[in-house]
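# Structure assessment
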Amino acid sequence: MTKKVKVSFLILVWSIVIVQSFVNTQDETARKEKAVAAFSVIDETVIGEVIRGYGYFGTVELSDETKQSMLENLALKLGIEDGYVFSKEEGEDFSKLILTKEGKYATTYLRIVTLESKEAPEQHITMQIESDVSAKEAFSLYERVERVYEEIGMEGNVSMELNMEQQGSATKEEKEELVELVFDLAKAKEVEAIRENDIYTVYGYTKTESSYLMLKGKKVNIQLVFTYDEIQDVTYVKVGIPIVNSSY
């Protein structure tokens, strides 16, 4: 298949927006419900979520018109029909075409990132959704982004991060209680932890989530990070699937 035919075929696939219906097995349904429960129980402290997705498209030339068409069809798969804007960023050896949709409860960024090379440019597809919906709704968005990558035939790396806050400096006991609560509801087991000085982070693994990373030869797919802001007198907590990607 030539590159031109490959691009035409993929754009055609992306252009077909199908009303999706998935029939999960009882085991699959139970798996999802357990993962959702781990977060819905702490909804009162959640102040926002971020879902990120990344996928490698290939080495191929794409015009700006083609990229825009691809992003528009990708937006449709996420349920975004209008109200978005396009912008572009350029550097010495890269360019980005960005579709941005600012909604009442979420802001979505869809990007085609082009990395220039001597042979042919590399194309990467990224998605980012920043929201302040409930933890259960955020998990649904996370699953939707995973499905979109599957539907367009790309191996996507998708992560979700929940941000929480608690007034005051959380004690060691309070931190351990939250870790135990989340890990218990998610059916997760502790894999690795750092509990020293100002660093307090715990990694775990749960079979309720299919994706995972390797840490020191072990599978991990859930992480909790605690930080304390002395000026604001607030303890911030981040829960990541499979890990926390933002700085802390």
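Quick caveat: nothing in here was measured; it's all calculated off a predicted structure.

## Remarks on the overall build of the protein chain
- Within the protein chain, the regular secondary structure consists of five helices and twelve strands.
- Burial status across the protein chain gives 44% buried among its 248 residues.
- Across the protein chain, contacts joining residues at least 24 apart in sequence account for 58% of those joining residues at least 6 apart.
- Summed over its atoms, the accessible surface of the protein chain is roughly 14,200 Å², and 49% of this surface lies on carbon and sulfur atoms.

## Here's the deal with the pairing of strand S4 (residues 106-115)
- Across the ten residues that make up S4, a large majority, seven, are buried.
- Direction of pairing for strand S3 (residues 94-102) relative to S4: antiparallel, over a ladder of nine bridges. For Lys96, the partnering residue across the bridge sits in S4 and is Val113.
- The antiparallel pairing of S3 with S4 creates a hairpin that spans three residues between the two strands.
- The pairing of S4 with strand S5 (residues 122-131) spans ten bridges and is classified as antiparallel. Each bridged residue has a counterpart across the sheet, and for Arg111 the counterpart in S5 is Thr126.
- Joining the antiparallel neighbours S4 and S5 is a turn of six residues.

## Section: helix H5 (residues 172-185)
- Helix length check: H5 (14 residues) gives 20 Å between terminal C-alpha atoms against 20 Å at 1.5 Å per residue, within 8%.
- Residues Lys175, Leu178, Val179, Val182 and Phe183 constitute the buried set of H5. Along the long axis of H5, the arc covered by the buried residues comes to 125°, so they all point the same way. The exposed set on the far side of H5, more than 90 degrees from its buried face, consists of Glu173, Glu177, Glu180 and Asp184.

## Let's talk about the confidence of the model for the protein chain
- Confidence in the prediction of the protein chain, expressed as mean pLDDT, is 82, and 81% of residues score 70 or more.
- Within the model, the stretch residues 1-26 combines pLDDT values under 50 with 28 contacts to residues more than four positions away or in other chains.

## Considering the side chain of Lys67
- Mapped onto the elements of the fold, Lys67 is located in helix H3 (residues 64-77).
- An unpaired buried charge is present at Lys67: no salt bridge exists, and Asp64, the closest side chain of opposite charge, is 4.3 Å distant.
- There is a polar contact of 2.7 Å between the side chain of Lys67 and the side chain of Thr114.
- Each residue touching Lys67, except ones within four places of it in the same chain, is listed here: Leu62, Ser95, Leu97, Ile112, Thr114 and Gln123.

Conventions and cut-offs
Residues numbered from 1 in each chain as written. Predicted model: local features only at pLDDT ≥ 70, side-chain atom pairs only at ≥ 80, totals over all residues. Heavy atoms only, no water. Helix = DSSP H or I, 4+ residues; strand = E, 2+ residues; numbered from the N terminus. Buried < 20%, exposed > 50% of the residue type's maximum accessible area, 1.4 Å probe, protein only. Contact = heavy atoms within 4.5 Å. Areas by Shrake-Rupley, 256 points an atom, 1.4 Å probe, with all protein chains shown as cover. Pairing = 2+ DSSP bridges. Expected span 1.5 Å × (residues − 1). Arc of directions from axis to C-beta. pLDDT = per-residue confidence, 0-100. Lys, Arg positive; Asp, Glu negative; His and termini not counted. Salt bridge = Lys/Arg side-chain N within 4 Å of Asp/Glu carboxyl O. Polar contact = N/O pair within 3.5 Å; in protein donor to acceptor, adjacent residues only side chain to side chain.

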